[in-house]
Amino acid sequence: PTPAPEASPPKSRLSAGSRAGVGIVLSVDINSNLIVHSVCPGSSSQTYLHPGDVLLGVDGVSTMHMPAKHVAELLLGFPGTYVEVSVRRKSQETDEEMELVFDLERRKTDSITAKRAV
């Protein structure tokens, strides 16, 4: 899968210098699902999200078949604020799918670390 483009939120909501995310790079699979492609080291997602997780929702809003640009707008916000992220993951033990929900802190990521995650 190819990484999905990241979009910036409307300028009226948040200036470019004040944006922060949860440190994930998303890609789109053949079914138009957004998949966690990679996780930035040191991000709040590092402990919780894994490559291959299917993104289901952000702050209670379904992201299924939502354009990546709109999902990026939901994930970005002020540093230090939290966002609820729900994903679907296959259990390694049973191969069954489970839905997981995490509250992740938005943090600034330096450009070098972000480029390594891609």
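Conventions adopted
- Residues numbered from 1 in each chain as written.
- Predicted model: local features only at pLDDT ≥ 70, side-chain atom pairs only at ≥ 80, totals over all residues.
- Heavy atoms only, no water.
- Buried < 20%, exposed > 50% of the residue type's maximum accessible area, 1.4 Å probe, protein only.
- Helix = DSSP H or I, 4+ residues; strand = E, 2+ residues; numbered from the N terminus.
- Pairing = 2+ DSSP bridges.
- Phe/Tyr/Trp six-rings, centres within 6.5 Å; stacked < 30°, edge-to-face > 60°.

(A) Inspection of the pairing of strand S1 (residues 24-28) at higher detail. Counting buried positions along S1 gives four out of five residues, so the element sits mostly inside the fold. In this sheet, strand S2 (residues 34-39) lies alongside S1 in antiparallel orientation, the contact comprising five bridges. Within S2, the residue paired with Val28 across the bridge is Leu34. The turn joining S1 and S2, which pair antiparallel and follow one another in sequence, is formed by five residues; a positive phi near 65° is taken by Ser32.

(B) Up close: the packing of aromatic side chains. Under the definition given, this model contains one aromatic pair. Aromatic pair Tyr48 and Phe102: ring centres 5.1 Å apart, planes at 40°, arrangement tilted. In this pair, Tyr48 is assigned in the loop between S2 and strand S3 (54-58) and Phe102 in strand S6 (residues 97-105), connecting sequence segments 54 residues apart. By relative accessible area, Phe102 is classed as buried at 15%.

Everything listed is a geometric property; what it means functionally is a separate question.
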